[in-house]
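This is what each chain is made of:
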Amino acid sequence: RGGRGRGRGRGRGRLRQQSDGKQHLGSTLTYTEGKPFPDYIENATAPVRADQAPGTSNIVEGVTPLDLPAGGLVDDAPIKFLPLGGLGEIGMNCALVGTENRYVLLDAGLMFPDHEELGIQKVLPDVSFLSRWRDKIEAVLITHGHEDHIGALPWVIPALDPSTPVYGGLFTMQLVERRMKEYNLWGDGKRFKVIDMGQRFDAGPFAMEAVRVTHSIPDCCGYIFRCSAGTIVHTGDWKIDENPVDGRQFDREQFERVGKEGVTLMMSDSTNVLSPGRTISESAIREAMMQKVLGHKGRIITTQFASNIHRLYGVKAAADASGRKIAFVGMSLNTYLEAAKKAGIAPIDPEELVPAEEIDNVNPSQLIIVTTGSQAEPRAQLAQAATGSSRLITLHPDDLLLYSAKMIPGNEKRVMRMMNAIAVRGPEIAMRREDGLHSSGHAYRDELEEVLKMLHPEHFLPVHGEYAFLKEHEALARSVGVRHSTVIGNGQMLGVTPLRNSQSHGLLGNMHLLGEARLQTMFNDGGWGSGTSEDLAIEERMRIATEGIVVVDLEVFDNALGGAGANETDVSVESSDETDDETNDADTSPNTGARKSGGVVEKRPMS
């Protein structure tokens, strides 16, 4: 079936090649020197508190932060955890979990850049560190398919041994497969292994068990790690949806069982620890969406996160109840729906979609348009429609826009500018909290407390959140009777020793820092530019953006040419930082008198 026939939404099935398998890596794998594994000690001095804030390292050259004699391991803590990202921030979830000097990598996520990281599209964990210690890493475990958990895989996979297996659920693995093929890293696919919820399997030094949890994307799981030293539980990203639209329940029974067996270390999502009560079920969102659609006679436009397949159950129910057809505008929507279809969980048949190019041919009262762009991304169709520049969506006064998402912190001004522009064009907008069109995928405080009580771990480590969230989650754990809890930052290796007769023991207690990794954040510009902030000239980009450039056009005379003149243009990026060594060490060109700075000097002969 070809052409623009029925059901072939715009961009459906298209796979964009982004690399030959190496082009996108840039310099990310070259910084392997000077990165010792942090559980070994040499000339140890200066103890580190387990509650010290991220970024306040006391490591100096040749010294690791341990108050012990040189040589050997610190009390040889049998359970170790080293986060490479995701602690003290939202995103870039990636960590090593280990025992007996053998490790597995838990998730490989990216983070989206701050506004001052100009020209950057992806922020990545230190894959050079992973490459340096690839012999210790025996498996990769993926909790779910959000970008902050799988987005860095195109850089992580080349850093690891080619035989290292990657485990994940069926829907998650569909997303991973597509991403790997985009970067020419799929190969024969044998290393990528699909697991079922509740399945037991071996990964590195651990006997593993996947536990189904509910979240804002299908096929999410927490993991139970079992080894001779004890049992570790990592919840992944989760909420407790009491009435999930796909019928796949949060597995309380499995968590209760492992809680009775005994949990040595629990790690849990801290995103919404400051939000009281419980999250709203996705079924309630479906009902609210149906009421909005049934109560409106004009065209419906709904915007949501593309990965939220559960939200499409509400769209489908509303379309069926009102006799409307559905159209997708946004390539990523089709990508996630195709993955859901391959996994057998698609709420909408892709073949039944109205092609995006044909939405103007459908009676507006018989159509629901689902679009991305809820965060007002400049290239998204909704943002373009707000300014009248979209070739696919033209807004009309009788349209109803359902904002079925949330404004991500930092995007508020941009989103409100888009909403104001849409309102000027006349459509009605439903985005109040009372409209009930969105529910978080991360557990609220009462749910966090319930699972803490359910597992009642010996030790608790909050993960996935800003530092203030981690501290509050630690306090919550202590309030429900968990005696041993701490907060660490990215790069800090935590050692955990199981309790004996409910008492702490060991030279440094039962939770202590073993050292700190020297990590470098990596960046990608959306193409083949990948490396450190220096490699991608992030500071220079900001200087150009905030201070501008100086362009000097002057005539230069060369006596050798009999005084003939030629124009040269010098483009200079000047630094205002007088302490910059390169700026202070500026010299002068003998021919042009142009000042060279820590920025860029470019000479172009003018014709």
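Residues numbered from 1 in each chain as written. Predicted model: local features only at pLDDT ≥ 70, side-chain atom pairs only at ≥ 80, totals over all residues. Heavy atoms only, no water.

(A) How the structure looks around the overall build of the protein. The secondary structure content of the protein amounts to 14 helices and 26 strands. Here the protein holds 607 residues, and the buried ones make up 56% of them. Expressed as a percentage of contacts within the protein between residues at least 6 apart in sequence, the contacts between residues at least 24 apart total 73%. Approximately 25,900 Å² of the protein is accessible, and the part contributed by carbon and sulfur atoms is 48%. (Helix = DSSP H or I, 4+ residues; strand = E, 2+ residues; numbered from the N terminus. Buried < 20%, exposed > 50% of the residue type's maximum accessible area, 1.4 Å probe, protein only. Contact = heavy atoms within 4.5 Å. Areas by Shrake-Rupley, 256 points an atom, 1.4 Å probe, with all protein chains shown as cover.)

(B) Quick look at the sheet that holds strand 4 (residues 122-124). Sheet architecture is open: three strands sit in the order 4-22-23, paired in antiparallel fashion. Of all strands in the sheet, those with a lone pairing partner are strand 4 and strand 23 (530-531), marking the two edges. Direction of pairing for strand 22 (residues 522-524) relative to strand 23: antiparallel, over a ladder of two bridges. Residue pairing in the sheet places Asn524 in a bridge with Ser530 of strand 23. (Pairing = 2+ DSSP bridges.)

(C) A look at the confidence of the model for the protein. Per-residue pLDDT for the protein averages 86, and the proportion of residues at 70 or more is 83%. Within the model, pLDDT remains below 50 along residues 1-11, and this stretch shows 28 contacts once partners closer than five positions in the same chain are excluded. (pLDDT = per-residue confidence, 0-100.)

(D) The pairing of strand 13 (residues 300-303), seen in detail. Of the two faces of strand 13, both are covered, the one formed by Ile300 and Thr302 as well as the one formed by Ile301 and Thr303. Where strand 13 meets strand 15 (residues 367-371), four bridges bridge the pair, whose relative direction is parallel. By the bridge assignment for strand 15, Thr302 is matched with Val370. In terms of strand pairing, strand 13 meets strand 16 (residues 400-403) through four bridges, oriented parallel. From the neighbouring strand, Ile301 faces strand 16, where its bridge partner is Leu401.

(E) A look at the packing of aromatic side chains. Summed over the entire model, instances satisfying the criterion amount to 10 aromatic pairs. The structure contains a cluster of three or more aromatic residues connected by ring pairs, namely Phe37, Tyr103, Phe129 and Trp133. A cation over an aromatic ring shows up here: Arg132 above the ring of Trp133, its NZ or CZ 4.0 Å from the ring centre. Across from the ring centre of Phe192, 5.9 Å away, lies the NZ or CZ of Arg191, which sits over that ring. (Phe/Tyr/Trp six-rings, centres within 6.5 Å; stacked < 30°, edge-to-face > 60°. Lys NZ or Arg CZ within 6 Å of the ring centre and 35° of its normal.)

(F) Examining the pairing of strand 5 (residues 137-141) more closely. Among the five residues in strand 5, four count as buried, and that is most of the element. With two bridges joining them, strand 5 and strand 6 (residues 166-168) adopt parallel strand pairing. Residue pairing in the sheet places Leu141 in a bridge with Tyr167 of strand 6.

(G) Looking closely at the nonpolar core. Judged by nonpolar contacts, the single largest core of 95 residues is most densely connected at Leu96, Leu130, Phe171, Phe255 and Phe328. Those residues in contact with Phe255 that lie beyond four places of it in its chain are Val211, Val213, Val233, Phe250, Met454 and Leu455. If you look at the next biggest cluster of nonpolar residues, it comprises 34 residues, including Leu141, Phe206, Ala210 and Leu470. (Core = buried A, V, L, I, M, F, W, Y, C linked by side-chain atoms within 4.5 Å.)

(H) The arrangement of the sheet that holds strand 7 (residues 192-194) in detail. If you walk across this open sheet you meet the eight strands as 7-6-5-3-2-1-20-21, and the pairing is mixed. Each edge of the sheet is formed by a strand with only one pairing partner; in this case those strands are strand 7 and strand 21 (511-516). Taken pair by pair, the neighbouring strands of this sheet meet at an average axis angle of 25°, ignoring direction. Sitting on the sheet, helix 4 (residues 170-182) is in contact with strand 6 and strand 7, with an inclination near 160° to strand 7. (Axes fitted to C-alpha atoms, helices over the stretch in contact; angles between N-to-C directions.)

(I) Structural view of the side chain of Thr214. Relative to the helices and strands, Thr214 is located in the loop between strand 9 (206-213) and strand 10 (220-227). Relative accessible area serves as the criterion here: at 7%, Thr214 is assigned to the buried category. In this structure the side chain of Thr214 is engaged in a polar contact, spanning 2.6 Å, whose partner is the backbone oxygen of Lys239. In terms of polar contacts, Thr214 uses its side chain to reach the backbone amide nitrogen of Asp241, at 3.1 Å. Apart from the residues lying within four places of it in its own chain, the contact partners of Thr214 are Asp237, Trp238, Lys239, Ile240, Asp241, Pro244, Arg248, Gln249, Phe250 and Gly441. (Polar contact = N/O pair within 3.5 Å; in protein donor to acceptor, adjacent residues only side chain to side chain.)

(J) Just the environment of Asn510, in detail. Mapped onto the elements, Asn510 comes out in the loop between strand 20 (492-496) and strand 21. Remark: the alpha-carbon pair of Asn510 and His459, spanning 51 residues in sequence, is separated by 8.5 Å. A polar atom in the side chain of Asn510 sits 3.2 Å from the side chain of His484.

(K) How the structure looks around unusual backbone geometry. Its identity as a non-glycine residue notwithstanding, Met92 has a phi of 55°, on the positive side. By the element assignment, Met92 lies in the loop between strand 1 (79-85) and strand 2 (94-99). The exposure class assigned to Met92 is buried, which follows from its relative accessible area of 4%. If you check the backbone angles, Asn184 has positive phi at about 55° while not being a glycine. Tracing the backbone shows Asn184 in the loop between helix 4 and strand 7. Since its relative accessible area comes to 42%, Asn184 is described here as partly exposed.

(L) Up close: the environment of Ile300. Inspection of the secondary structure assignment puts Ile300 in strand 13. A sequence separation of 64 residues divides Ile300 from Pro364, and the C-alpha atoms of the two residues are 7.9 Å apart. Dropping the residues within four chain positions of it, Ile300 is found in contact with Val293, Arg324, Leu367, Ile368, Ile369, Leu400 and Leu402.

(M) Structural context of a nonpolar patch on the surface. On the surface, a cluster of nonpolar side chains totalling about 250 Å² of accessible area is made up of Ile544, Ile549 and Val551. By the element assignment, Ile544 lies in helix 13 (residues 538-547). The exposure class assigned to Ile544 is partly exposed, which follows from its relative accessible area of 39%. (Patch = residues over 30% accessible without salt bridge, like charges linked within 9 Å, V, L, I, M, F, W, Y side chains within 5 Å. Salt bridge = Lys/Arg side-chain N within 4 Å of Asp/Glu carboxyl O.)

(N) Local environment of the packing of helix 4 against helix 8 (residues 331-342). Contact pair helix 4 / helix 8: the axes reach a minimum separation of 8 Å and the direction vectors enclose 130°. Judged by the angle between their axes, helix 4 and helix 8 are oblique. Once helix 4 is placed against helix 8, the crossing between them reads as right-handed. For the pair helix 4 and helix 8, contact is made by Phe171, Gln174, Leu175 and Arg178 and by Thr335, Tyr336, Glu338, Ala339, Ala340 and Lys342, respectively. Class assignment of the residues belonging to the contact of helix 4 with helix 8 gives a composition of five nonpolar, two polar and three charged. (Parallel < 35°, antiparallel > 145°, perpendicular 65-115°, else oblique. Left-handed = near helix turned anticlockwise from the far one by under 90°. Nonpolar A, V, L, I, M, F, W, Y, C, P; charged D, E, K, R; others polar.)

(O) Main features of the packing of helix 6 (residues 282-294) against helix 7 (residues 309-322). One way to put it is that helix 6 packs onto helix 7 with a least axis distance of 8 Å and a crossing angle of 35°. As for the relative orientation of helix 6 and helix 7, their crossing is right-handed in sense. Contacts from Glu282, Ile285, Arg286, Met289, Met290, Val293 and Leu294 in helix 6 reach His310, Arg311, Tyr313, Gly314, Val315, Ala317, Ala318, Ala321 and Ser322 in helix 7. Of the residues in the contact of helix 6 with helix 7, the class split is 10 nonpolar, three polar and three charged.

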